[in-house]
Amino acid sequence: MTQKKPKIGITTCLVFLSQSVFADLQPYNMTTGVTDISAKVFDLHMLIFWICVVIGVVVFGVMIISMIKHRKSVGHKAAQFHESTTAEIAWTLVPLAILIGMAIPATNVLIEMEDTSAADLTVKVTAYQWMWHYEYLDEKVDFFSRLATPREQIYNVQGKGENYLLEVDNELVLPVGKKVRFLITSNDVLHAWWVPDLAVKKDAIPGFINESWAKIDKPGVYRGQCAELCGRDHGFMPIVVRAVDENEYQQWLQSHSQPQQTALQ
Ligand SMILES: [Cu+2]
């Protein structure tokens, strides 16, 4: 029992250290995001990262020490454990234990990510070459969202803006603190709706509807992109989510409650 305590302490310390130190290492690390799930995904990512670091240090450490200290030129005699049952059991059970140790927390987070029940509102996201269509299924609101970066910036005629290729004409406005269910599909080819801060990345498949959800903790603008090679303008279909408080969301809904039947070009 007394042996176990330091191990738990080290894992907790590493995850805590990961949260405080590695969370700010953008753009070198994953984002911690702005939802409960995205924080859990980040913790999972750091936990598995540290497990890999420990495995790497142990394996390469043993290899390097063996090569230096136990080399033939210093007269070391090779150990013989051919057909050793103990070694066979050890190198089967140790990786199995590591895999189970990673699979249990990963499965818990995955089950939570897939649970789209009891949503406060539903937004249907339809992908097109190359734009997004958003429909608020409980409201009379729907609109297209297209890249807003001027072509002059893309062709280097004009200086590039701060959010180059990550700005749209119509942002997806969502309320904070509400469970938003996304129904994601496509009208033509495969696309993928990906917003890292929400830990949502789902394929948009013609003829199928994929589900995902997010409950955003803090107001702000969160940017994403299509994450599936979908054709010529794949790199030109950004996603912008603006999370606002309930009052602002209701005002926005009222001002957009007439369906905008934007004609497809
Ligand atoms: Cu796409």
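Note that the structure is a prediction, hence the values are computed from the model and not measured.

## Points about the packing of aromatic side chains
Summed over the entire model, instances satisfying the criterion amount to eight aromatic pairs. With a centroid separation of 4.8 Å and an interplanar angle of 45 degrees, the aromatic rings of phenylalanine 182 and tryptophan 193 are classed as tilted. Here tryptophan 193 lies in strand S6 (residues 191-195) and phenylalanine 182 lies in strand S5 (residues 179-186), a separation of eleven residues in the sequence. Overall, the relative accessible area of 0% leaves phenylalanine 182 in the buried class. Relative to tryptophan 252, the ring of tyrosine 249 lies with its centre 6.4 Å away and its plane at 20 degrees, an arrangement referred to as stacked. Placement of both tyrosine 249 and tryptophan 252 in helix H5 (residues 246-255) is noted, with a separation of three residues, approximately one turn of the helix. Exposure remark for tyrosine 249: the relative accessible area of 5% places this residue in the buried category. Sitting above the plane of the phenylalanine 236 ring, arginine 151 keeps its charged end 5.4 Å from the centroid. We note lysine 179 situated over the ring of tryptophan 213; from NZ or CZ to the ring centre the distance is 4.3 Å.

## Some details on unusual backbone geometry
Look at the link from glutamine 129 to tryptophan 130: it is a cis peptide, with omega at 0 degrees. Along the chain, tryptophan 130 turns up in the loop between strand S1 (121-128) and strand S2 (131-136). Positioned with a positive phi, glutamate 83 is a non-glycine residue whose angle comes to about 55 degrees. Inspection of the secondary structure puts glutamate 83 in the loop between helix H2 (36-69) and helix H3 (85-114). Here the phi dihedral of leucine 165 falls at roughly 65 degrees; this positive angle occurs in a residue that is not glycine. Tracing the chain through its elements places leucine 165 in the loop between helix H4 (151-154) and strand S4 (172-175). A relative accessible area of 16% places leucine 165 in the buried class.

Reading the values: the criteria
- Residues numbered from 1 in each chain as written.
- Predicted model: local features only at pLDDT ≥ 70, side-chain atom pairs only at ≥ 80, totals over all residues.
- Heavy atoms only, no water.
- Phe/Tyr/Trp six-rings, centres within 6.5 Å; stacked < 30°, edge-to-face > 60°.
- Helix = DSSP H or I, 4+ residues; strand = E, 2+ residues; numbered from the N terminus.
- Buried < 20%, exposed > 50% of the residue type's maximum accessible area, 1.4 Å probe, protein only.
- Lys NZ or Arg CZ within 6 Å of the ring centre and 35° of its normal.

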